[in-house]
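Next come the chains, spelled out residue by residue.
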Amino acid sequence: QVRLIESGGGLAQVGGSLTLSCAASGPDSSGNAMGWFRQVPGQEREFLATISGTGTITYYTDSVKGRFTIARDNAKNTVSLQMNNLEPEDTAVYYCAARTTPFASAKKIDYTFWGQGTQATVSS
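Summarised in this report is the structure supplied together with it. The model shown is predicted, which means the values in this text are computed figures rather than measured ones.

1. So, the overall build of the chain
Along its length, the chain carries zero helices and 11 strands. If you list the helices and strands of the chain from N to C, you get β-β-β-β-β-β-β-β-β-β-β. With respect to the principal axes defined by its C-alpha atoms, the chain has extents near 40 × 30 × 25 Å. Counting over 124 residues, the chain shows a buried share of 39%. In the chain, the share of contacts with a sequence separation of at least 24, taken over all contacts with a separation of at least 6, comes to 59%. In the structure as shown, the chain presents an accessible area of about 6,400 Å², 50% of it carried by carbon and sulfur atoms.

2. Some remarks on the nonpolar core
The biggest cluster of nonpolar side chains holds 26 residues, and the ones touching the most others in it are Leu4, Met34, Trp36, Leu81, Met83 and Tyr94. Excluding anything up to four places from it in sequence, Met83 contacts Gly16, Ser17, Leu18, Leu20, Arg67, Phe68, Tyr94 and Ala120.

3. Quick word on unusual backbone geometry
Even without being glycine, Asn77 reaches a positive phi, approximately 55°. Mapped onto the fold, Asn77 is located in the loop between strand S7 (68–73) and strand S8 (78–83). The backbone phi angle of Asn85 is positive, close to 50°, even though this residue is not glycine. With respect to the helices and strands, Asn85 occurs in the loop between S8 and strand S9 (92–98).

4. Quick look at the pattern of salt bridges
For the coordinates displayed, the defined rule picks out four salt bridges. The partner of Arg38 in a salt bridge is Asp90, and the shortest N-O contact between them spans 2.8 Å. Of the two residues, Arg38 sits in strand S4 (residues 34–39) while Asp90 sits in the loop between S8 and S9, which places them 52 residues apart along the sequence. Summarising the burial analysis for this pair, Arg38 and Asp90 share the class buried. The residue Asp62 makes a salt bridge to Lys65 at a minimum N-O spacing of 3.0 Å. Look at Asp62 and you get exposed, because its relative accessible area is 62%. What you see here is one network of salt bridges that share partners, running through Arg38, Glu46, Arg67 and Asp90.

So, how was this worked out
- Residues numbered from 1 in each chain as written.
- Predicted model: local features only at pLDDT ≥ 70, side-chain atom pairs only at ≥ 80, totals over all residues.
- Heavy atoms only, no water.
- Helix = DSSP H or I, 4+ residues; strand = E, 2+ residues; numbered from the N terminus.
- Buried < 20%, exposed > 50% of the residue type's maximum accessible area, 1.4 Å probe, protein only.
- Contact = heavy atoms within 4.5 Å.
- Areas by Shrake-Rupley, 256 points an atom, 1.4 Å probe, with all protein chains shown as cover.
- Core = buried A, V, L, I, M, F, W, Y, C linked by side-chain atoms within 4.5 Å.
- Salt bridge = Lys/Arg side-chain N within 4 Å of Asp/Glu carboxyl O.

Now the structure itself:
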């Protein structure tokens, strides 16, 4: 099955930037649509961004439009999330997820495989 490992979390200042990365492995993983989600303790997991298998189609939730950018490098089987102009409200555990089709989706139930998460903390 597909395995996903997130990295790049850590500490950032308000207004600063972080870049998260997700490394994927397993059969037929390079052609699957991917997504980024985040979760704060006591809250539901929130959709952030998705990218199609080819990398040509992306969707973002309103709260991160213009600040976050999702991209993929299929030659390396990696997906990134560039996060700019960070706010304290961006503090969360960030998760990478993979579908079993090439079609981008904003729905949690459409994703089959999930990483373990990486913590991002934004402080003032």
